[in-house]
Amino acid sequence: MLPTPTKITRVEQETKTVKTYYFDDQSYAIPGQFYMVWVPGLEEKPMSVSGTRPLSLTICGIGPASIRMNEYKEGECMFLRGPLGKGFRLEGKSVLGIGGGYGFGPVRYALLEMQKKGAKTKAILGAKNKDWLLRPAAGCETIITTNDGSSGKKGLVTDALLGLFDSGEKFDTIFTCGPERMMKAIAEICKDRKIGCQMLLERYMKCGIGVCGQCVIGDRLVCRDGPMFGIEALSFADFGATKLDRTSERIPI
Amino acid sequence: MASVLETSLCGITLHNPFILASGIRDLNSALLVRAAKEGAGAVTSKSVSLAPRLGHPNPTVVFHGGIMLNAVGLSGPGIDAEIKELKAAKRAAGVPIIASVFAQSVEDFYELAYRISEAEPEMIEVNISCPNVANEGRMFSACAPDAADVTHAVKKATSIPISIKLSPNVTDIAEIAHAVEAAGADCITAINTVGGMFIDPIARRPLLSNKVGGLSGSLIKPVALKAVWEIRRRGVKIPVIGTGGISVGKDAAEMFCAGANAIGVGTAAMGRENLFSSLCLELEKFMSENNYRSLKDLKLIEDGSDASHPY
């Protein structure tokens, strides 16, 4: 699979730093899968799919490559290769999506796909403040939390999750993507309550196709065995604790 | 009863001849142990240098049309972290560990071999496909005297068996193989990747950030078979780990026929689930269907033809 120049048909500014790019590409990707986006002469980075037909990628400008990507305009082409990796298993009759910051992009896509399958959907969308909140999923009741209370409830997504359980809500699957400690806390809650939990994990990724091993977590590769992992991720000693840096030295998260 | 696939390499017993090659899914102990659990006869760690290295920016690996091109740039944590990883792998893997090292000077090769011996790997692979700063950046692997110098230095530094990993990007690989054998190498790993590049004519740039890289995968198998066969034909006696494009059991039978004593598997580990146990089953089936009782039966019939004819 080679990087393919793919025309940008629309750009949606979601927050100050996050844009969703829509492409002239009708291929299907499962929520949770990703594309490698190549900026010729600079870098190539994995970006999670936030919609298909047409394909969309939600990109947060946080480093040199992603900031450059977010300068692309409608009508220009990005070089894409994918879809890659293993996405969410779209199962369940009543599902909850929990997104932290720009991690909500793929969760939103999963919720919309579940709606098409007739599932009941609900969402918790959390961010550090109102400037980091993505657009909610259409037709999906959404609880918003912010760390500073600038929008929605002040607090963490896990507070909102426990609140839902306290009010008697039941879900058979939770889809989540966001900061790793947030996902670990959610996985532990799900484990206690015997609820399915599907997380999209992130590591510094290099090749994207299961060769170099750079994105290892436990003995699994995020690019190939993931990015979707279930409750079993709790058995990885490094989950929520440490990761490999660019040289592959182990550092705290 | 020992399996028909059990073999021995430099006095090390392998329960099967399939060895995870260096550079593929092997950058820490967890991944080495995983390959062992998935059935590898031995596992090779990613080549490590003395100091930590960042490697190249992406794109670093591209797979297209049955061939892989990579220039990851030997990112790695450096020798101190590597020793810990190798010790952890040795405790948990249950199969022999081959520790791979690379350096840009003979002195650094000596120091690496000396230091990595502390982790007590069963074998040390010496990756000489890297530039020699003392010889205008020429690859150690490209020049018999340089390859021999590294071999001498590493042999002085350690009592652990060493395998020199040879590059196919040379005029005469057998000459280099002879030189490292004479310098005391215990084993040869052949081949490393074949030099190549992909270019995107729309971006008008090479696809890899490093511009050029190494080809691997099933399409390089004929290059690897010829290299191993040449090394044997020219009388090199030490064991050879035949590596390059092996992806199914029958490929391994071909590689044994070329003269290999064990089989390195790299790129295929990316594409096939349960690769190692599948390779073992396939090779056993191939041998039993063709009435080969031992890996030693897998050798070419000498019919006296002169192999030096032009193509």
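Since this is a predicted model, take the numbers as computed values, not measurements.

Our focus in this paragraph is the pattern of salt bridges. Scanning all chains against the criterion turns up 27 salt bridges over all chains. With its nearest N and O atoms 3.7 Å apart, the salt bridge here joins Arg-89 of chain A to Glu-91 of chain A. The residue Asp-225 of chain A makes a salt bridge to Arg-34 of chain B at a minimum N-O spacing of 2.8 Å. Here Asp-225 of chain A, found in the loop between strand E14 (220-221) and strand E15 (228-229), pairs with Arg-34 of chain B, found in helix H1 (residues 29-37), and the two come from separate chains.

Along the polypeptide, Gly-55 of chain B turns up in the loop between strand E4 (42-44) and strand E5 (61-64). For Gly-55 of chain B, a relative accessible area of 28% corresponds to the partly exposed category. Residues Gly-55 of chain B and Ser-75 of chain B, 20 residues apart in the sequence, show an inter-C-alpha distance of 4.0 Å. Not counting residues up to four positions away in its chain, the partners in contact with Gly-55 of chain B are Lys-206 of chain A together with Val-72, Gly-73 and Ser-75 of chain B.

Let's shift gears to the nonpolar core. Judged by nonpolar contacts, the single largest core of 135 residues is most densely connected at Phe-109, Ile-188 and Leu-283 of chain B. Per-element accounting of this core gives the leading share, seven residues, to helix H9 (residues 275-289) of chain B. Those residues in contact with Ile-188 of chain B, other than ones at most four positions away along the chain, are Ser-163, Ile-164, Leu-166, Ala-177, Val-180, Ile-231, Val-236, Ile-238, Pro-239, Val-240 and Ile-241 of chain B. Among the nonpolar cores identified, the runner-up in size contains 22 residues, and Ala-110, Met-114, Ala-119 and Leu-125 of chain A belong to it.

Turning to the interface of chain A and chain B, a few remarks are in order. The interface is formed by 35 residues belonging to chain A together with 36 residues belonging to chain B. It is Trp-38, Lys-206 and Val-211 of chain A that lose the most area in chain A upon contact with chain B, and together they represent 20% of the buried surface on that side. Counting across the interface, chain A meets chain B through one salt bridge. Linking chain A to chain B there are 13 residue pairs in polar contact (both at pLDDT 80 or more). Elements that contribute at least two residues to the side of chain A that touches chain B include exactly strand E3 (34-39), strand E4 (43-51), strand E6 (77-84) and E14 of chain A. Residues belonging to the side of chain A that touches chain B are distributed by class as follows: 17 nonpolar, seven polar and 11 charged.

Residues and elements named next belong to chain B. Look at helix H2 (residues 79-93): 20 Å from first C-alpha to last across 15 residues, which is about the 21 Å you get at 1.5 Å a residue. Next to the buried residues of H2 lie H1, strand E7 (97-101) and helix H3 (106-116). Taken from the residues just after H2, Gly-94 is the one with a positive phi, measuring 75 degrees.

Residue and element names in this part refer to chain B. Counting buried positions along strand E8 (residues 123-127) gives five out of five residues, so the element sits mostly inside the fold. Handedness of the crossover is the feature at issue here: the chain leaves E7, passes through H3, returns alongside E8, and the resulting connection is right-handed. Where E8 meets strand E11 (residues 162-166), four bridges bridge the pair, whose relative direction is parallel. Each residue of the ladder has a partner; that of Asn-127, found in E11, is Lys-165.

Right, let's get into the sheet that holds strand E16 (residues 213-216) of chain B. Residues and elements named next belong to chain B. The four strands are arranged E5-E6-E16-E13 in an open sheet whose pairing can be described as antiparallel. In this open sheet, the two edge strands, each paired with only one partner strand, are E5 and strand E13 (194-196). For this sheet, the mean inter-axis angle between neighbouring strands, taken without regard to orientation, is 30 degrees. Examined bridge by bridge, strand E6 (residues 67-70) and E16 share three bridges and lie antiparallel to one another. For Asn-70, the partnering residue across the bridge sits in E16 and is Gly-214.

In this section: the packing of aromatic side chains. Residues and elements named next belong to chain A. Under the defined criterion, the tally for this structure stands at six aromatic pairs over all chains. On the numbers, 5.9 Å between centres and 85 degrees between planes, the contact of Phe-229 with Phe-236 is edge-to-face. A cation over a ring is seen here: Arg-10 above Tyr-22, with NZ or CZ 4.1 Å from the ring centre.

What counts as what
Residues numbered from 1 in each chain as written. Chains lettered and ligands numbered in written order. Predicted model: local features only at pLDDT ≥ 70, side-chain atom pairs only at ≥ 80, totals over all residues. Heavy atoms only, no water. Salt bridge = Lys/Arg side-chain N within 4 Å of Asp/Glu carboxyl O. Helix = DSSP H or I, 4+ residues; strand = E, 2+ residues; numbered from the N terminus. Buried < 20%, exposed > 50% of the residue type's maximum accessible area, 1.4 Å probe, protein only. Contact = heavy atoms within 4.5 Å. Core = buried A, V, L, I, M, F, W, Y, C linked by side-chain atoms within 4.5 Å. Buried area = accessible area lost by both parts, 1.4 Å probe. Polar contact = N/O pair within 3.5 Å; in protein donor to acceptor, adjacent residues only side chain to side chain. Nonpolar A, V, L, I, M, F, W, Y, C, P; charged D, E, K, R; others polar. Expected span 1.5 Å × (residues − 1). Right-handed = clockwise from strand over helix to strand, strands pointing away. Pairing = 2+ DSSP bridges. Axes fitted to C-alpha atoms, helices over the stretch in contact; angles between N-to-C directions. Phe/Tyr/Trp six-rings, centres within 6.5 Å; stacked < 30°, edge-to-face > 60°. Lys NZ or Arg CZ within 6 Å of the ring centre and 35° of its normal.

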